[in-house]
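Residues per chain are reported as follows:
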Amino acid sequence: MDKLETVIGLEVHAQLLTRSKMFCGCSTAFGAAPNSQTCPVCQGMPGVLPVINRSAVELGIRTALALGCRINEHNRFARKHYYYPDMPKNYQISQYEEPLAEHGVLAIEVGGTPRAIGIQRVHLEEDVGKLVHEGALETAPSSTVDFNRAGVPLMEIVSKPELRSPEEAAGYLRALRTILLYLGVCDGNMEEGSLRCDANISLRPPGSQEYGVKVEIKNMNSFRNVQHALEHEVRRQGNALGAGEQVVQETRLWDPERGRTVSMRSKEYAHDYRYFPEPDLPPLRVAAAWVEAIRAGLPELPAARRQRFAATYGLSAYDADLLTQGRALADYFEAAVQAQGRPKAVANWVLNELLRELPADDDRAVAACPIPPQNLAGLLRLIDDGAISGKMAKDVFETMFRSGQDAPSIVAREGLTQVADAGELSRVVDQVLAANPKVVEDWRSGKKAALGFLVGQVMKATQGRANPGLVNRLLGEKLPTG
Amino acid sequence: MLTRLTIEELGARFRRGEATPSQAAAAYLERIAALDGRVKAYLTVTRDTALGQAAAADARLAAGRPLSPLDGVPVAVKDLLCTRGIRTTCGSRILETFVPPYDATVVARLRAAGAVLLGKLNMDEFAMGSSTEHSAFFPTRNPWDLGRVPGGSSGGSAAAAAGDLAAATLGSDTGGSIRQPAAFCGAVGLKPTYGRVSRYGLVAFASSLDQIGPFAKTVADAALVLGVIAGADRRDSTSVDVPVPDYRAALAGGVEGLRVGIPAEYFIEGLDPEVEAAVQTAIAVLRGLGAKTEGVSLPHTRYGLPAYYLIAPAEASSNLARYDGVKYGLRAPGGRHLVEMYGRTRAAGFGAEVKRRILLGAYALSAGYYDAYYGKAQRVRTLIRRDFQQAFERVDVLAAPTTPGVAFRLGEKTDPLQMYLNDILTIPVNLAGLPGVSVPAGFTQAGLPIGLQLIGRPYDEATVLRAAHAYQQATEWHRRKPPLDPAPR
Ligand SMILES: [Zn+2]
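Everything in this summary refers to the structure shown in the same document. (Residues numbered from 1 in each chain as written. Chains lettered and ligands numbered in written order. Predicted model: local features only at pLDDT ≥ 70, side-chain atom pairs only at ≥ 80, totals over all residues. Heavy atoms only, no water.)

Looking only at helices and strands, one finds 16 helices and 16 strands in chain A. For 482 residues, the compact-globule estimate of 2.2 N^0.38 gives 23 Å, and chain A exceeds it by more than 25% at 30 Å. Out of the 482 residues in chain A, the part that is buried amounts to 52%. Long-range contacts, defined as pairs at least 24 residues apart, comprise 69% of the intrachain contacts of chain A with a sequence gap of at least 6. Total accessible area on chain A is roughly 22000 Å²; 50% of this is exposed by carbon and sulfur atoms. Taken as two groups, the 55 positive and 59 negative side-chain charges of chain A have centres that lie 3 Å from each other. (Helix = DSSP H or I, 4+ residues; strand = E, 2+ residues; numbered from the N terminus. Rg over C-alpha atoms; globule rule 2.2 N^0.38 Å. Buried < 20%, exposed > 50% of the residue type's maximum accessible area, 1.4 Å probe, protein only. Contact = heavy atoms within 4.5 Å. Areas by Shrake-Rupley, 256 points an atom, 1.4 Å probe, with all protein chains shown as cover. Lys, Arg positive; Asp, Glu negative; His and termini not counted. Charge placed at Lys NZ, Arg CZ, Asp CG, Glu CD.)

As structure tokens, this is what we get:
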């Protein structure tokens, strides 16, 4: 059934990096004791009223502008009704008919092919609380509710159904996450739930303008999950259609353990959300001047930065791409280049050594890197000056990463300075030659590999501190020609 | 007798040292103990709170440092205004045990002004009703005739103000729930402009219509209370930052040259002839005082009631969704699973009128019916608002009856639609968000009070109060007291 076309749309929920909740002053910090970050407003107690968090609106506008959306000057909140014990009011304040922004686009590149995916809308809403069951849900003797999350500001970014493969969906999600990180609007942490993704997926004959029956998939908390869940669903729906069956319109959950989606509820029982405009909040007017001020404060976005890195620093497209995956990493790279001056050398060290220790797209980890960019620059300067060899530098780097100390102090403390004194090295070379007459003979008789052994012996005798260039030159001078 | 005095008179005695807030509080508490068993205006009497606040007021007044004209004045509030540490039931079983950890903004402002809280007043459950027979606990009775209703939903607040069971009270008005019971009980009842008074801590019935306002013995007292509770509140985004004038000072000046509009559509078929006659007389009094009266038309008035009975239940069905037995208040036992627990709790916790409106509202909002019902009602609302705007281009204030009839007997109106008609003359004002007041304007031959309704431009409570005050200065109706007092010993 591979002749069917896959149609995917993603709904991404991003928790906004505000200090306080969407409609009250409670803290949004993660991991606090249950219900310690709540007040009558976010608990939805009788008589209380919401007040819009201006900072959340600003972060939403920031995102919408970065995605090229049109900001709706007049937008408003609505109530979305459904009953669930973790919902304090049994309605969620969200945006419906008049969202914050609409009609944007996100440029992605999958398998070398650039694609522009339409963004339908960006809107704001409040999160709900969390149910905590004692043991398994079915047998739990009791369940409790933690409302710490209730009222946390969420931004929902809805793509148009323009993604054509699970791979594209994963690429879209990755690109979107990078932009959110660059904008500083969301920490992008999928495990902690600050970035969540639901997908709508259907199949149709190629060239068809009609959409097939769509299935919604929830509960995908990593890029891998998204791709695997969608791949599974393409197969499942393809098999069903191939066998002449109907795909049922429903919501399915991804079960990563078993690697398959399972039916959650049939759309026959889908909720009628009974949306209506939130009467407790006047319409939100977004003044053009406000939008322009936010636009003026937008940072350089990943695509622009990638191009600039390639052009200004002479990096390959691949390296530029890796270095701009996270804003913190790109900032780190640029700071080290500023301090040291050789972009390619810095890029090599960041890509080969630093990224062995840190994920490129985890801004929090990169920002907390025990080697500040100035210290990496300091290490590279020691190499440039010939004080240590590149090989020694790798050991120093490891020590720097573990201890947080700078390169000069580690080198000084461990007596690691390179032996670049020709007189001193000359004596060592003489000793090595004298101690290995058999190897010298091999070399003379044409076994060129013998040279490597002799270099190694010199290095061993100097505990790796000998300047390799100098060792090679001295050996060249001292070995008998034959 | 301290309980007969207006706020102004009581304050004057405090300042002259002829009485203390503690004496006033004690007098009211004594009167409540003696009479409220018959009127049943109070759901909760906060005796200790009152005596404590009164003692603090004694000290301030003795030191010559009153906080406001309300300092030491005994008041009471409708039981849908949240009071920190004092149960707030909304007249419903589902909130019977609810003790809010916060004060409504108006309650906080009363406290800050030094007012003394006597207690919480009975009401139709969640403010749905026109008679206070729909309280889950007991009906309140009209102080003029204990066999009759006080009106609703702020029946407890109206009866307490009229029966001298508090110097002033607060109620809420969603479709007439201050003005209609004020008319039935012979009190002054003021519904301010939507947005004039913070709704924070008012347990919502219909958010876009609800407004808090005072009941008082005189217009001047209502002006004093409004001055204390009005003004923008950061916790209510729908409250509006329009300067709050000195309402007491604004009463002076009379009605000479004031243009008073008489809306033809408010003198409907079915209007009680005694009510009509009294209101016409009242209009003549205003004319006699120098006001210029002229007929105006509010052509969409007849659509107000149906639009209201879509919008208010729709919002109510949403606002009342939070009462589910999970977090506070009643939880009915025996449910085997969540949905059954919800069902049992709401079945046991809500009365018939509330259930009726939740069902109506949920239906009006449901997909496929939204445009036909809720959407259309909102468009009607715009037309009604426009009617008023056009009228106020020609006149400064509108004068009309508050209610089509006078207080009816308990249990007399069993058909909900008949009951809803009580609010037909007050509802359009809520749909348009305007200020309106009901002042005593006469009595039927049977001795039941009649109300005159004055309606003003948005945020122009000052003009409404000035006209009402001028009328009151020229008449004696508000001085009559209901025949409640125990026979002299
Ligand atoms: Zn809160």
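After that view of the structure, there is still more to cover.
Note on aromatic pairs: each is described by the distance of the centres and the angle between the planes. As enumerated under the stated definition, the model contains 26 aromatic pairs over all chains in all. Taken together, a centroid distance of 5.4 Å and an interplanar angle of 55 degrees make the contact between Tyr83 of chain A and Tyr342 of chain B tilted. Separated into two different chains, Tyr83 of chain A in the loop between strand 4 (77-81) and strand 5 (91-95) and Tyr342 of chain B in helix 11 (residues 338-349) make up a pair that spans both. Classification of Tyr342 of chain B as buried rests on a relative accessible area of 7%. Here Tyr370 of chain B and Tyr374 of chain B contribute two aromatic rings whose centre-to-centre distance is 5.4 Å and whose plane-to-plane angle is 45 degrees, an arrangement assigned as tilted. For Tyr374 of chain B, a relative accessible area of 2% gives the class buried. Among the aromatic side chains, those forming a connected cluster through ring pairs are Phe98, Phe126, Tyr323, Tyr328 and Phe350 of chain B. (Phe/Tyr/Trp six-rings, centres within 6.5 Å; stacked < 30°, edge-to-face > 60°.)

Attention now moves to the packing of helix 1 (residues 54-66) of chain A against helix 2 (residues 166-183) of chain A. Between two packed helices, what matters for the description is the angle formed by their axes and the separation of those axes. All names here are of chain A. Interhelical geometry of helix 1 versus helix 2 gives an angle of 130 degrees and a closest axis separation of 10 Å. The pairing of helix 1 with helix 2 is recorded here as oblique in orientation. As for the relative orientation of helix 1 and helix 2, their crossing is right-handed in sense. Residue-level inspection shows Arg62, Thr63 and Ala66 of helix 1 in contact with helix 2, the latter providing Ile179, Leu180 and Leu183. Taken together, the residues of the contact of helix 1 with helix 2 break down into 4 nonpolar, 1 polar and 1 charged. (Axes fitted to C-alpha atoms, helices over the stretch in contact; angles between N-to-C directions. Parallel < 35°, antiparallel > 145°, perpendicular 65-115°, else oblique. Left-handed = near helix turned anticlockwise from the far one by under 90°. Nonpolar A, V, L, I, M, F, W, Y, C, P; charged D, E, K, R; others polar.)

Residues and elements named next belong to chain A. Going through the model one piece at a time under the given rule, you end up with 54 salt bridges over all chains. Between Glu216 and Lys218 there is a salt bridge, and its shortest N-O distance comes to 3.7 Å. According to the relative accessible area criterion, Glu216 is buried, its value standing at 10%. Judged by its relative accessible area of 21%, Lys218 is partly exposed. (Salt bridge = Lys/Arg side-chain N within 4 Å of Asp/Glu carboxyl O.)

The interface is formed by 32 residues belonging to chain A together with 38 residues belonging to chain B. Buried surface at the junction of chain A and chain B, both sides included, amounts to about 2600 Å², of which 59% is carbon and sulfur. On the chain A side of the interface with chain B, the three residues burying the most area are Pro46, Leu49 and Tyr83 of chain A, jointly 23% of the side's total. At the junction of chain A with chain B, the criterion picks out 1 salt bridge. (Buried area = accessible area lost by both parts, 1.4 Å probe.)

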